[in-house]
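Structure assessment
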Amino acid sequence: MEVTLLTWIVAVTGLVLIGLLGALQLVAVIKPRGEWTITNVYGGSPERTDPKAYFAFNQGSAWADPFFWAPLQVAGSIGMLLGERWGFLLALAASVPFWYTAIFFFIWDRDLGFRQNTFTYWVIIWGMWPAFGLLEGVYVFIRLLE
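What comes next is a walk through the structure. (Residues numbered from 1 in each chain as written. Predicted model: local features only at pLDDT ≥ 70, side-chain atom pairs only at ≥ 80, totals over all residues. Heavy atoms only, no water.)

1. Here's the deal with the overall build of the chain
Selection rule: In DSSP terms, a helix is any run of H or I states spanning at least four residues, a strand is any run of E spanning at least two, and both are numbered starting from the N terminus. The buried label goes to any residue with under 20% of its type's maximum accessible area, the exposed label to any with over 50%, and the partly exposed label to all in between, with areas taken from a 1.4 Å probe on protein chains only. A contact between two residues is defined here by any heavy atoms of the two lying within 4.5 Å. For accessible areas, the Shrake-Rupley method is used with a probe of radius 1.4 Å. Any residue's cover is judged against the shown protein chains and nothing else.
Check the secondary structure of the chain and you find six helices and zero strands. Its helices and strands in sequence order give the chain the pattern α-α-α-α-α-α, from N to C terminus. In terms of principal-axis extent, the alpha carbons of the chain reach across some 50 × 30 × 20 Å. Considering the chain as a whole, with its 146 residues, one finds that 40% of them fall into the buried category. Residue pairs at least 24 apart in sequence account for 67% of intrachain contacts in the chain once pairs closer than 6 positions are excluded. Surface exposure of the chain reaches about 8,000 Å², of which carbon and sulfur atoms provide 72%.

This is the structure in structure tokens:
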């Protein structure tokens, strides 16, 4: 498949985002109850809800992101940059958690009072993930139809 400028933008953006997320979540795997992890990876506070549920919910993502989702996105991005159809297919699969998990976190943040009505929350903390997932999914789906 032809590798276009848009292919490069989508693939590299996917690598950057999943690299950031994978690194943060790997910290959460190594230090799941560390103060830095709670503040910078999980958000909120275990004292604002049931601490057992808080850590269980966040640890699910901490283990899934770097060991399942990140390798899928990395392989997809590399395959896209190589112009391989399988790369676009893997990127399509990897696009789903970007927007799918955003729904869970939106409800979690809303119901536990973590959501803030700020630009930082809506664009960086929450918004860029589903926006990129939808963009990547639509782009690679269209490319696979060619």
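Still more ground to cover, so stick around.
2. Description of the packing of aromatic side chains
Rule in force here: Within 6.5 Å between ring centres, the rings of Phe, Tyr and Trp (the latter by its six-membered ring) count as paired, and their orientation is classed by plane angle as stacked under 30 degrees, edge-to-face over 60, tilted in between.
Per the stated rule, a full pass over the model turns up 15 aromatic pairs. Centroid distance Tyr42 to Phe55: 6.2 Å. Interplanar angle 75°. Geometry classified as edge-to-face. With a gap of 13 residues between them, Tyr42 in helix α2 (residues 35-42) and Phe55 in helix α3 (residues 51-81) connect regions that are remote in the sequence. This pair shows no difference in class: Tyr42 is buried, exactly as Phe55 is.

3. Let's talk about the side chain of Ser95
By the element assignment, Ser95 lies in helix α4 (residues 85-111). Overall, the relative accessible area of 2% leaves Ser95 in the buried class. Non-local contacts of Ser95, meaning those with residues more than four positions away in its chain, are made with Gly133, Glu136 and Gly137.

4. A closer look at the side chain of Thr37
Mapped onto the elements, Thr37 comes out in helix α2. Contact partners of Thr37, with chain neighbours within four places excluded, come to Val27, Ala28, Lys31, Pro32 and Tyr42.

5. Topic: a nonpolar patch on the surface
Put simply, the rule reads: For patch detection, residues must exceed 30% relative accessible area and be free of salt bridges, and they are connected within 9 Å for like charges or within 5 Å for nonpolar side chains (Val, Leu, Ile, Met, Phe, Trp, Tyr). For this analysis, a salt bridge means a side-chain nitrogen from Lys or Arg found within 4 Å of a carboxyl oxygen belonging to Asp or Glu.
The grouping of Val96, Trp99, Tyr100, Ile103, Phe104, Ile107 and Leu134 at the surface amounts to a nonpolar patch, some 620 Å² of accessible area in total. Looking at the nonpolar patch, the element that brings in the most residues is α4, giving six residues. Residue position: Phe104 is located in helix α4.

6. Section: the packing of helix α1 (residues 5-30) against α3
Here is the rule we go by: Helix axes use the C-alpha atoms of the stretch in contact, all axes being lines fitted to C-alpha atoms, and the angles between their N-to-C directions lie in the range 0 to 180 degrees. The scheme is simple: roughly parallel for angles under 35 degrees, roughly antiparallel for over 145, roughly perpendicular for 65 to 115, oblique for anything else. Here a crossing is taken to be left-handed if its near helix is turned anticlockwise relative to the far helix by less than a right angle, and right-handed if that turn runs clockwise. Classification used: nonpolar for Ala, Val, Leu, Ile, Met, Phe, Trp, Tyr, Cys and Pro, charged for Asp, Glu, Lys and Arg, polar for all others including Gly.
In the contact formed by α1 and α3, the axes pass within 8 Å of each other and the chain directions differ by 155°. In terms of their interaxial angle, α1 and α3 are classed as roughly antiparallel. As for how α1 packs across α3, the hand of that crossing is left-handed. Partitioning the contact of α1 with α3 into residue classes produces 18 nonpolar, eight polar and one charged.

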